[in-house]
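Below, each chain spelled out in residue letters.
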Amino acid sequence: MDAVLDLLRETVTSPWVYLILVAVTAVDAFFPAVPSEAAVITAAVLSASAGHPHIVGVIASAAAGALIGDHISYAIGRGGGSRRLTRLPERSRRRAGSEWARRAIDRRGGVILTISRYIPGGRTAVTLTMGAVRYPRRSFLLFDAVAAVTWGLYCGLLGYFGGLAFERDPIKGVVAGLGLSIGVTLALEGFRALRRRAHRRAAARR
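You'll find the protein entered in an unreviewed UniProt entry as DedA family protein, with Micromonospora globbae given as the organism. In its Sequence similarities (unreviewed entry) section, the UniProt record describing the protein reads: "Belongs to the DedA family."

Spelled out as structure tokens, the structure:
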């Protein structure tokens, strides 16, 4: 365990740590297997316990990487997804689903984009779809900037305060931060499931 901590400390003291955080959070936008949230929380925990990397740099790097990655995902959807949508049969379920997604994004695109960042896989699905349905780039940039900054603050401060609470045992701080993050994610998933159930019941009564 001490060897792991020493390796982490050596990594975070490197000036490349911020670039690594940008790269990890960017790739996570279109390759969700990359644990960007865990990387940001870990860096923030070590910031609180060891004083480096600087917490402001951690949050800024996370937000910048998230913004860059989301725009790459949006561009992928806009480049390939839009052509696939236009080729779908007029009365097919997939065409109907894509039209529904287009209408939902047109009405509540900003809210959907922000909330999806806290749902596993949701970030990638939403940014690809927004590109595919050609959601306006300026609106996407505005809402995504808000989503990226709030997510960076959320992960950074979660890890930082976890590090302060377990200053003498950073591993516990990382576990606490990740545990809270998973708890929030599960709570959101539970809320979504309850809403879907309520909508199905309301539809069945009509």
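K.L.:
I'd love a proper account of the packing of helix α2 (residues 17–27) against helix α3 (residues 36–50), names of residues and values included.
P.N.:
Two elements in contact, α2 and α3, have axes separated by 8 Å at closest approach and are oriented at 155°. Classed by the angle they form, the pair α2 and α3 counts as roughly antiparallel. Viewed along their axes, α2 and α3 form a crossing whose handedness is left-handed. Together, L21, V24 and T25 of α2 and S36, A39, V40 and A43 of α3 make up the contact between the two elements. For the contact of α2 with α3, a count of residues per class yields five nonpolar, two polar and no charged.

K.L.:
Report on the packing of aromatic side chains, specifying residues and quantitative values.
P.N.:
For the coordinates displayed, the defined rule picks out two aromatic pairs. A centroid spacing of 5.9 Å and a plane angle of 80° characterise the contact between Y160 and F161, whose relative ring orientation is edge-to-face. By relative accessible area, which is 24% here, Y160 ends up partly exposed.

K.L.:
Outline the confidence of the model for the protein, supporting the account with residue identities and numerical values.
P.N.:
Averaged over every residue, the pLDDT of the protein is 75; the share at 70 or more is 61%. The least confident element of the protein, judged by mean pLDDT, is helix α1 (residues 2–12) at 54; the most confident is α2 at 91.

K.L.:
Run through unusual backbone geometry, naming residues and quoting values.
P.N.:
Non-glycine residue R134 carries a positive phi angle of around 60°. Within the secondary structure, R134 sits in the loop between α6 (122–132) and α7 (137–165).

K.L.:
Please give an account of the pattern of salt bridges that cites residues and values.
P.N.:
For the structure on display, the rule yields four salt bridges. Residues R117 and D144 are paired through a salt bridge, measuring 3.2 Å at the closest nitrogen-oxygen approach. Linking R117 in the loop between α5 (93–116) and α6 with D144 in helix α7, this pair joins segments that are 27 residues apart in sequence. Connected through shared salt-bridge partners, D28, D70, R117, R123 and D144 make up one network.

Calculation rules
Residues numbered from 1 in each chain as written. Predicted model: local features only at pLDDT ≥ 70, side-chain atom pairs only at ≥ 80, totals over all residues. Heavy atoms only, no water. UniProt positions renumbered as here; feature names shortened; annotations may be inferred. Axes fitted to C-alpha atoms, helices over the stretch in contact; angles between N-to-C directions. Helix = DSSP H or I, 4+ residues; strand = E, 2+ residues; numbered from the N terminus. Parallel < 35°, antiparallel > 145°, perpendicular 65-115°, else oblique. Left-handed = near helix turned anticlockwise from the far one by under 90°. Contact = heavy atoms within 4.5 Å. Nonpolar A, V, L, I, M, F, W, Y, C, P; charged D, E, K, R; others polar. Phe/Tyr/Trp six-rings, centres within 6.5 Å; stacked < 30°, edge-to-face > 60°. Buried < 20%, exposed > 50% of the residue type's maximum accessible area, 1.4 Å probe, protein only. pLDDT = per-residue confidence, 0-100. Salt bridge = Lys/Arg side-chain N within 4 Å of Asp/Glu carboxyl O.

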